[in-house]
Amino acid sequence: MAIKKYVASADNTIVNAYKENLTKRATGSNAGAADILETFSIYGRQSSGSAELSRILIKFPISQITTDRNNNKIPGSGSVKFYLKLHSAASSKTVPSGTFTMVAEPISKNWQEGYGLDLEAYADQTNGNIGSNWMSASDSVAWTKAGGDYITAANAAYPFRWFSQTFYSGLEDFEIDITQMVELWHAGTLDNYGLGIHFSGAYEAYYSSSNNAEDYSGGRLKNTTGSTVSYYTKRFFARGTQYFFKRPVIEARWDSTRRDDRGEVMYSSSLAGVNDNLNTLYLYNYV
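As a convention, each chain's residues are numbered from 1 in the sequence order in which they are written. In keeping with the predicted nature of the model, local features appear solely for residues at pLDDT of at least 70, side-chain atom pairs appear and are counted solely at 80 or more, and the whole-chain, interface and lining totals rest on all residues. With hydrogens and water excluded, all non-hydrogen atoms of the structure serve as input to the side-chain values.

## Section: the packing of aromatic side chains
Okay, step 1: Only Phe, Tyr and Trp rings take part, Trp by its six-membered ring, and two of them pair if their centres are within 6.5 Å. Stacked means planes under 30 degrees apart, edge-to-face means over 60, and tilted covers everything else. Counted under the stated rule, the structure contains nine aromatic pairs.
Okay, step 2: On the numbers, 6.1 Å between centres and 15 degrees between planes, the contact of Phe167 with Phe174 is stacked.
Okay, step 3: Throughout, exposure labels follow a simple rule: accessible area from a 1.4 Å probe, protein chains only, divided by the maximum for the residue type, with under 20% read as buried, over 50% as exposed, and the rest as partly exposed. Assessed through its relative accessible area of 0%, Phe167 is described here as buried.
Okay, step 4: Overall, the relative accessible area of 0% leaves Phe174 in the buried class.
Okay, step 5: Measuring from centroid to centroid gives 5.9 Å for Phe199 and Tyr231, while their planes differ by 40 degrees, and the two rings are tilted. One end of the pair, Phe199, is in strand 9 (residues 195–199); the other, Tyr231, is in strand 10 (residues 231–237), with 32 residues separating them in the sequence.
Okay, step 6: Look at Phe199 and you get buried, because its relative accessible area is 0%.
Okay, step 7: The rings of Phe100, Phe167, Phe174, Phe199, Tyr203, Tyr231 and Phe236 are connected pair by pair, giving a single aromatic cluster.
Okay, step 8: A cation sits over an aromatic face here: Arg247 above Phe244, 3.9 Å from the ring centre. We count a stretch as a helix when DSSP gives it H or I for four or more residues in a row; a strand needs E for two or more, and each element gets its number in order from the N terminus. For a ring to carry a charge above it, either NZ of a lysine or CZ of an arginine must fall within 6 Å of the ring centroid while also lying within 35 degrees of the normal to the ring plane.

Given below as structure tokens:
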């Protein structure tokens, strides 16, 4: 088995969580330079029906995959699998308890990574500067929907199954087969804006406004099939981590086995054609 890794080129955590005083949401905060990525869903912390969410944005250099394929460093379509892998980060924070599901959804709009670091007090606000947050994809473009614009299972016009993983202890890595997604990016069928990673709808917090609609100004998302149980906090190492081998990656995996014809080798046969008399034998020199 051969493996080639492609490290994330951008990542960020965006939230609509309340700040420490529980009066104002941190929808303008950015953590694009943090060494940790995190996602959570908190229900009923600020009030009996409040909902707070965190989501991960991540992007990979698909152009490098294209270059390597053109240079025969990785196999063509159908002979290689691509896996998204995020390494779980140990933390003093409570991990989500019980079984839950996380999804990876293609992002449908370009976004900026930003330079924020603070995932505690959410003090690093973009304030119109470079970087994405819960409300905006960049310093000049807002999300169509608070929390990010994604190609979801409901609106997908592409022939791939949805990308999700079920967790049982809350301590697992996030590792899923996204081959179909990478092939679409590689072929140019779909623009590469990366993936949004977060709890699936059933595990993100329940919210229904008085008019049963999104509350874009407050960053709250309508979710009438959501959870009234909190799931917090699932952390992964970001691309800026000091742990080199725990950075988020896409792994290209393929069978690189080389086999010879040792069981069928013959000196020659006058009854066979020239090409049929050709055999391959690999000699290995062990020192």
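## Section: the side chain of Arg25
Okay, step 1: Mapped onto the elements, Arg25 comes out in the loop between strand 2 (10–15) and strand 3 (36–43).
Okay, step 2: Counting rule for charge: Lys and Arg are taken as positive, Asp and Glu as negative, and neither His nor the chain ends is counted. Between Lys or Arg on one side and Asp or Glu on the other, a salt bridge is scored when a side-chain nitrogen of the former is within 4 Å of a carboxyl oxygen of the latter. It turns out Arg25 is buried and unbridged, and the closest side chain with the opposite charge, Glu52, is 5.7 Å from it.
Okay, step 3: In the analysis that follows, any N or O atom pair within 3.5 Å is treated as a polar contact, provided that within protein one partner can donate a hydrogen and the other can accept it, and provided that, for residues neighboring in sequence, both atoms belong to side chains. A distance of 3.5 Å separates the side chain of Arg25 from the side chain of Tyr18, its partner in a polar contact.
Okay, step 4: Among the polar contacts listed, one links the side chain of Arg25 to the backbone oxygen of Ala51, at a separation of 3.0 Å.

## Concerning the environment of Ser208
Okay, step 1: Relative to the assigned elements, Ser208 resides in the loop between strand 9 and strand 10.
Okay, step 2: On the basis of relative accessible area, Ser208 is assigned to the partly exposed category, the value being 29%.
Okay, step 3: Separated by 27 residues in the primary sequence, Ser208 and Met181 have C-alpha atoms spaced 32 Å apart.

## Topic: the sheet that holds strand 5 (residues 81–86)
Okay, step 1: Two strands form a pair only when DSSP identifies at least two bridges running between them. Pairing within the open sheet is antiparallel, and its four strands lie in the order 1-11-5-8. Each edge of the open sheet carries a strand with a single partner, namely strand 1 (2–7) and strand 8 (174–177). Recorded for the sheet is a direction-independent mean angle of 25 degrees between the axes of neighbouring strands.
Okay, step 2: When strand 1 meets strand 11 (residues 249–254), the two strands line up antiparallel, connected through six bridges. When the bridges of strand 11 are listed, Tyr6 appears paired with Ile250.
Okay, step 3: Working rule for contacts: check all heavy atoms of both residues, and any pair within 4.5 Å makes them a contact. Here an angle of 0 to 180 degrees is reported between the N-to-C directions of two axes, which are lines fitted to C-alpha atoms, with helices fitted over the stretch in contact. With respect to the sheet, helix 2 (residues 179–187) is in contact with strand 5, strand 8 and strand 11, its orientation differing from that of strand 5 by roughly 110 degrees.

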